[in-house]
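Coordinate analysis (summary)
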Amino acid sequence: MTNKIQDLLEIATEAALAAGSVLQSFCGKLEEIQEKGRSGDLVTEADKASEAVILEILGRHVPDHGILAEESGKLGDASSKYLWAIDPLDGTTNYAHQYPFACVSIGLLIEGIPQIGVIFDPFHNELFRAAKGLGATRNRRAIAVSQTSILTKSLLVTGFAYDRRETADNNYAEFCHLTHLTQGVRRSGSAALDLAHVACGRLDGYWERGLSPWDVAAGVVIVSEAGGKVTAYDESPFEINSGRVLATNGKIHAELSDALLKTPPLSSWGQQPGVLG
């Protein structure tokens, strides 16, 4: 099975690098930026061209596999135990504004479990890869999560879903609460890269809601293989269709989980001494 996994990892790498080259060629030259029905949920010709390249490469190498693609939806053999979850451009809003934080993300689920992940950052030419049991790398060199062991010393990252204007469960309270409890919380705009940066130790933890499988399928493998921990908010097993993920270096995991579960609603903040007045 190891040889098979390695072969599939190389296919994912080929696709990610080819798609990244497409994104590099379109950067700063976009002519079509559209919304996909929800405010702020953008799609461009770069997303579509990147996805087309990935689909062509997967179709050539593994035509009998299933595919779940952000722009094209479900393709291929739905009964296959292999399912590729691909995001041809994670961070489209950043990319459309030429803000250099976006990537290609390609993950492979085998019998429903993420087991291969490749993320390519075309702005910084950083290639993150991992496969179950084979470790994680950045530009072909081994990476590992950070050693930060206390939440107050940690640097975290999160994000906000497209439905944040329509629901009270929008992560705003968690963002504020954890900003007070840590050295800082960043919001970058690319879930896949957030996970990659946890994996290589630049960040100590990440949480988010409102996610799709293609956002996290690759990143959760990379974090796990780099020595980190990935679960639901309450530390129960991670479910890729749940839309929520908690990923850390493992050392702050329980503390961060507890803080998320105990976050007070924003409506109560004004009555707490020393908090928002």
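These remarks concern the structure in this document. Treat the numbers as computed from the prediction; the structure is a model and nothing was measured. Residue numbers restart at each chain and count upward from 1, following the sequence in its written direction. The model is predicted, so local features are restricted to residues of pLDDT at least 70 and side-chain atom pairs to those at 80 or more, both for listing and for counting; the totals for chains, interfaces and linings are taken over all residues. Excluded from the side-chain calculations are hydrogens and water; all other atoms, namely the structure's heavy atoms, are used.

The next thing to look at is the pairing of strand β15 (residues 245–248). Buried, partly exposed and exposed residues are distinguished by accessible area as a fraction of the type maximum, computed with a 1.4 Å probe on protein chains only: under 20%, between the cut-offs, and over 50%, respectively. Helix numbering and strand numbering both begin at the N terminus, where a helix is a DSSP run of H or I of at least 4 residues and a strand a DSSP run of E of at least 2. The alternating pattern of β15 places Val245 and Ala247 on one face and Leu246 and Thr248 on the opposite face, and all of these are buried. Strand pairing is assigned whenever DSSP detects at least two bridges linking the two strands. Two strands pair when backbone bridges link them, and strand β13 (residues 205–208) and β15 are joined in this way by four bridges, in the antiparallel orientation. Looking across to β15, one finds that Glu208 is bridged to Val245. Alignment of strand β14 (residues 229–231) against β15, held across three bridges, turns out to be antiparallel.

Relative orientation of the contacting elements helix α4 (residues 172–181) and helix α7 (residues 253–261) amounts to 135 degrees, with a least axis distance of 10 Å. As summarised for this structure, α4 and α7 are arranged oblique, according to the angle between their axes. In the packing of α4 onto α7, the handedness of the crossing is right-handed. Contacts between α4 and α7 involve Glu174, His177, Leu178 and Leu181 on the former and, on the latter, Leu256, Ala259 and Leu260. For this scheme, ten residues count as nonpolar: Ala, Val, Leu, Ile, Met, Phe, Trp, Tyr, Cys and Pro. Four count as charged, namely Asp, Glu, Lys and Arg, and the remainder, Gly too, count as polar. Of the residues assigned to the contact of α4 with α7, the class counts are five nonpolar, one polar and one charged. Every angle, taken between N-to-C directions, lies between 0 and 180 degrees, and every axis is a line fitted to C-alpha atoms, over only the stretch in contact when it is a helix. Note on angle classes: values under 35 degrees are labelled roughly parallel, values over 145 roughly antiparallel, values of 65 to 115 roughly perpendicular, and the remainder oblique. Left-handed describes a crossing whose near helix is turned anticlockwise from the far helix through less than a right angle; right-handed describes the clockwise counterpart. We call two residues contacting when some pair of their heavy atoms lies within 4.5 Å.

So, about the packing of helix α1 (residues 2–26) against helix α2 (residues 45–61). Relative orientation of the contacting elements α1 and α2 amounts to 155 degrees, with a least axis distance of 9 Å. Considered as vectors, α1 and α2 are oriented roughly antiparallel to each other. Considering the relative orientation of α1 and α2, their crossing is right-handed. Where α1 approaches α2, its residues Ile11, Glu14, Ala15, Ala18, Ala19, Val22, Leu23 and Phe26 are matched on the opposing element by Glu45, Ala46, Ala49, Ser50, Val53, Ile54, Ile57, Leu58, Arg60 and His61. Of the residues belonging to the contact of α1 with α2, the class tally is 13 nonpolar, two polar and three charged.

Bringing the sheet that holds strand β3 (residues 66–69) into the picture now. Judged by pairing direction, the sheet is mixed, and its eight strands sit side by side in the order β4-β3-β5-β6-β7-β8-β9-β10 without closing on themselves. Strands at the two margins of the open sheet, each flanked by one partner only, are β4 (73–76) and β10 (141–142). In the packing of α2 onto the sheet, the strands contacted are β3, β4, β5 (82–90) and β6 (103–110), and the crossing angle to β5 comes to about 150 degrees.

In this section: the nonpolar core. One recurring pattern in soluble globular proteins: nonpolar side chains tend to sit buried together. Counting 37 residues, the largest nonpolar core has Ile119 and Tyr206 as its most contacted members. Sorting the residues of this core by element identifies β6, β8 (126–131), α5 (191–199), α6 (213–225) and β15 as the ones contributing at least two each. Per element, the largest residue contribution to this core is eight residues, and it comes from α6. Apart from residues no more than four positions distant in its own chain, Tyr206 is found in contact with Val157, Thr158, Ala191, Asp194, Leu195, Val198, Leu211, Val245, Leu246 and Ala247. Throughout, nonpolar core names a set of buried Ala, Val, Leu, Ile, Met, Phe, Trp, Tyr and Cys residues whose side chains join them through atoms within 4.5 Å. Ile5, Leu23, Trp84 and Ala131 belong to the second largest nonpolar core, which has 31 residues in total.

On to empty space enclosed by the protein, then. In this analysis the probe radius is 1.4 Å and the grid spacing 1 Å, with only protein atoms considered; a cavity is a set of points the probe fits into but cannot get out of, a pocket is an open set with protein on both sides within 12 Å along at least five of seven lines, and lining residues have an atom within 4 Å of a point. Grid points are joined across faces, edges and corners, and a volume is the space filled by probe spheres set on the points. Here the structure, examined in full by the defined rule, presents one cavity of 30 Å³ or more. The wall of the largest cavity is formed by Leu211, Ser212, Pro213, Val216, Phe238, Glu239, Ile240, Ser242, Gly243 and Arg244. By residue class, the composition of the lining of the largest cavity is five nonpolar, three polar and two charged.

One speaks of a salt bridge when a side-chain nitrogen belonging to Lys or Arg is within 4 Å of a carboxyl oxygen belonging to Asp or Glu. Per the stated rule, a full pass over the model turns up seven salt bridges. Arg129 is the salt-bridge partner of Glu10, the closest N and O atoms lying 3.2 Å from each other. With Glu10 in helix α1 and Arg129 in strand β8, this residue pair connects regions lying 119 residues apart in the sequence. According to the relative accessible area criterion, Glu10 is partly exposed, its value standing at 32%. Here Glu126 ties to Arg202 by a salt bridge, and the two come within 2.6 Å at their closest N and O atoms. Of the two residues, Glu126 sits in strand β8 while Arg202 sits in the loop between α5 and β13, which places them 76 residues apart along the sequence. In the salt-bridge network here, residues are joined through shared partners; they are Glu14, Glu56 and Arg60.

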